[in-house]
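# Examination of the molecular architecture
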Amino acid sequence: MRPQRQTSPLFFRKLKRQLSRLSIKRKIIITYILLILLPCAGIGSFFYGSYIRIIEDKSVKDTMQLNTQLNKTIDQYMMDADGITKLFMNNDQITEVLLKFPRDSDNAPDLFERRKIDAFITEAFRTKPNIQGVFVVTPNNIMFNQQKYGALKENYVEYVQDWRETLDKSGQDFILLPSHQPDILTYRHDLPHVVSFIRNLKDYNGISLGLICINLETKLLQDTLQDVKYTLRSEMIIGDSQGNLVYPSQDLLTEKETFFYGGIMEKTGDAENGYLNVLVDKTDYFVSYSHSSFTNWRLIHIIPYHELLAESEKVKDKAILLFGLFFLLFLLGVIFFSRYLTKPLVVLSRSMRQADAGNLKVQVRVHTEDEVGALGESFNAMIRNLDRTIRENYELRILKMEAELSALQDQLNPHFLYNTLDMIGMTAVMNGDYQASEMMSMLGKMLRYTVHNDQWIVPAKAEFDYIHNYVKLQSQRLNDVEFVFELAEAALAHKILKLSIQPLIENCIVHGFRGGKKGVVSVRSILNEDRISFVIEDNGIGMNAQELEAVRRGLHESQPEDRSSGIGLFKTHKRIKMAFGDLYGIQIRSTPGKGTVVEVTFPSNGS
């Protein structure tokens, strides 16, 4: 009992959890099905079962009546044969002839005596056309016979002796042999199967006159049973009291048929009358059987169960079709009704997901004045208030960011300006005034870009115009460094953070080629669907793992530990994150002796 108390609540908890995951629409559909369709299905099953029982009762009554009638017909055939034997035995002229041939005598009939017996046999053939042969044997084994087919075998006495032994064992005045070929005859073709009626012949005083065998054509039984089939594939067989198959003939059956009929007879047992359901070779059969007191045979009626219920199956198919149509119409109605009820909730749920994804402009159309409508109005008011609050906070944050960016830019400009002025002074001494004039012109353009342009989000083309002037100035003193630009026109149309690329190129020059190392600094663009990246790569001295880890760690700190080498990277990375968010900024990788790769990422114009 204890495991049941523990398992049952667990099952209901799991069921409750599964149901809680279903949508309201599905819950409504399941509820209607459980409350309406299942009771209808249960009532239909009850009435169908009652109808099946009525069909079975009717089949039992009909087949038992049919079996009784067929038994009477078969009994009549056998009684006719019995009547012939009794007439033969009660005929004084026949008795007088047969008494002349006792068991131990050597007497033989003369022509006149043989004609008397033959005349009687001929009359039997004339009055009963279903007789296939008549054999009269005297006690000393003299044979009087007539048959439609074949000739008497020379060793017929052996077969007569078998008849006598079978009669003696039965203890009856007559016996009936099941369907067989008359072995006492020989014929160039197969002889027709017969049922043999064999009787001991005695006079009024009980003196043995021999025996008589009347062979009745099995076709007589076949026609009788085939003409009154209860269903198309029903079958009827006849068995005797010893469990032998009387009809059809055993030697005409296949192995499968022998197994089938044997199984049926074994299932019926020794009962004289009754019925039962039998499963043979995975097929259900309805079997009824009736006993004949005259022949001691049992007529067994075998009907495939599906044929017995064929009409009920048609009724069931029609009922299922109607139920299916009703279920379909009902399901469509429930789906339509549940959709009508849940559509406002689905719309509200979809709007909530959009709001959760960041769309604070979404509003729900309210068409009802019920609880769902009130919920929609409350949602709309909440979204409007939330949008207003976020917009106000965002504007305050932008103002703060612009102030911080201006402060950072003020720190960058002098840093570069001092280095450039030193370089111009050295160039003027070394090369003369014209070259210094050109350099001063480029420097003026750069100063105008940094000082007079108040926008901190600029087109990439403007940023790279500034960088080209910077590179030209650097090339005047760095003849060993080559600059390569691979920039797509589409990339130059995107807007990026002002003064975000030049510090990274300067970092390559200052830290990548220390010690007079020659090399190349390349800049290329990568344009994706939602972002644009610029990759600055040099083939300088690179960094070892410890140095690289220190630089990466400095990018995420409030102030870098090594202000001499990481200030440009740090400030640029911080400005990008402040301007565009944490998804964007700088990534760096480096290999000692092979160089350093810096990738800076911005959102694309469509993001």
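Refer to the structure printed above.
All values derive from a computational prediction rather than experimental measurement.

### Quick notes on the overall build of the protein
- For the protein, the helix and strand inventory stands at 16 helices and 19 strands.
- Restricting the contact set of the protein to residue pairs at least 6 apart, pairs at least 24 apart contribute 63%.
- Just so you have it, the protein exposes about 35,700 Å², and 55% of that area is on carbon and sulfur atoms.

### Some details on a negative patch on the surface
- A grouping of Glu158, Asp162, Glu165 and Asp168 is seen on the molecular surface, where their side chains present a negatively charged patch.
- Position of Glu165 among the secondary structure elements: in helix α5 (residues 156–170).
- Accessibility expressed as a relative area gives 39% for Glu165, which makes it partly exposed.

### Quick notes on the environment of Ser292
- Take Ser292: it is sitting in the loop between β11 (283–291) and β12 (298–304).
- Residue classification places Ser292 among the buried residues on the basis of a relative accessible area of 2%.
- A sequence separation of 220 residues divides Ser292 from Lys72, and the C-alpha atoms of the two residues are 7.8 Å apart.
- Setting aside chain neighbours within four positions, we find Ser292 in contact with Asn71, Asp75 and Trp297.

### Thoughts on unusual backbone geometry
- The omega torsion across Tyr247 and Pro248 is 0 degrees, close enough to zero to call that bond cis.
- Within the secondary structure, Pro248 is located in the loop between β9 (245–247) and α7 (255–268).
- Its identity is not glycine, yet Asn296 carries a phi of approximately 65 degrees, on the positive side.
- For Asn296, the position within the fold is in the loop between β11 and β12.
- With relative accessibility at 35%, the residue Asn296 sits in the partly exposed group.
- The residue Leu499 is not glycine, and still its phi comes out positive at about 55 degrees.
- Relative to the assigned elements, Leu499 resides in the loop between β15 (495–497) and α14 (502–512).
- Classification of Leu499 by relative accessible area gives buried; the value is 4%.

### Overview of the nonpolar core
- By size, the foremost hydrophobic cluster in this structure holds 45 residues, and its most contacted members are Ile501, Ile505, Phe534, Ile536, Val600 and Phe602.
- Ranked by residues supplied to this core, first place goes to helix α12 (residues 460–475) with seven residues.
- Dropping the residues within four chain positions of it, Ile501 is found in contact with Glu463, Phe464, Ile467, Ile496, Phe534, Ile536, Val600 and Phe602.
- Ranked by size, the runner-up nonpolar core spans 39 residues in total, among them Val136, Phe144, Phe197 and Leu299.

### As for the pattern of salt bridges
- Scanning the entire structure with this criterion turns up 11 salt bridges.
- In this structure, the salt-bridge partner of Glu113 is Lys100, at a minimum N-O distance of 2.6 Å. Placement of Glu113 in helix α4 (residues 111–127) and of Lys100 in the loop between α3 (92–98) and α4 is noted, with a sequence separation of 13 residues between them.
- When the shortest N-O distance is used, the salt bridge between Glu217 and Lys148 registers 3.3 Å. Of this pair, Glu217 sits in strand β7 (residues 208–217) while Lys148 sits in the loop between β2 (143–147) and β3 (151–152), and the two are 69 residues apart along the sequence.
- The class for Lys148 is partly exposed, based on a relative accessible area of 39%.
- Salt bridges here are not isolated pairs; linked through shared partners, they connect Asp82, Lys86 and Arg199.

### Here we look at a nonpolar patch on the surface
- Taken together, the side chains of Ile30, Tyr32, Leu34, Leu35, Ile36, Leu38, Phe323, Phe326, Phe337, Tyr340 and Leu341 present a nonpolar region at the surface, about 1,000 Å² in accessible area.
- Where the nonpolar patch is concerned, the elements lending two or more residues are α2 (24–90) and α9 (310–356).
- In terms of residues, the nonpolar patch owes the most to one element, α2, which gives six residues.
- Inspection of the secondary structure puts Phe337 in helix α9.

### What to know about the packing of aromatic side chains
- Counted by the stated rule, this structure contains 10 aromatic pairs.
- One aromatic cluster is present, formed by Phe464, Phe485, Phe534, Phe580 and Phe602 through successive ring pairs.
- One Lys or Arg, Arg298, reaches over the ring of Tyr289 and ends 5.5 Å from the middle of that ring.

### Section: the sheet that holds strand β8 (residues 235–239)
- Strand order in this open sheet of five strands is β9-β8-β12-β11-β10, and the pairing throughout is antiparallel. Two strands bound the open sheet, and with one partner strand each, they are β9 and β10 (274–280). Averaged over all pairs of adjacent strands, the angle between strand axes in this sheet comes to 35 degrees, irrespective of strand direction.
- The sheet contact formed by β8 and β12 spans five bridges and is antiparallel. Along β12, the bridge assignment pairs Ile238 with Leu299.
- Lying on the sheet, helix α6 (residues 219–226) is in contact with β8, β9 and β12; it crosses β9 at an angle near 80 degrees.
- Here α7 sits on the sheet in contact with β8, β9, β10, β11 and β12, set at roughly 115 degrees to β12.

Scoring rules and cut-offs
Residues numbered from 1 in each chain as written. Predicted model: local features only at pLDDT ≥ 70, side-chain atom pairs only at ≥ 80, totals over all residues. Heavy atoms only, no water. Helix = DSSP H or I, 4+ residues; strand = E, 2+ residues; numbered from the N terminus. Contact = heavy atoms within 4.5 Å. Areas by Shrake-Rupley, 256 points an atom, 1.4 Å probe, with all protein chains shown as cover. Patch = residues over 30% accessible without salt bridge, like charges linked within 9 Å, V, L, I, M, F, W, Y side chains within 5 Å. Salt bridge = Lys/Arg side-chain N within 4 Å of Asp/Glu carboxyl O. Lys, Arg positive; Asp, Glu negative; His and termini not counted. Charge placed at Lys NZ, Arg CZ, Asp CG, Glu CD. Buried < 20%, exposed > 50% of the residue type's maximum accessible area, 1.4 Å probe, protein only. Core = buried A, V, L, I, M, F, W, Y, C linked by side-chain atoms within 4.5 Å. Phe/Tyr/Trp six-rings, centres within 6.5 Å; stacked < 30°, edge-to-face > 60°. Lys NZ or Arg CZ within 6 Å of the ring centre and 35° of its normal. Pairing = 2+ DSSP bridges. Axes fitted to C-alpha atoms, helices over the stretch in contact; angles between N-to-C directions.

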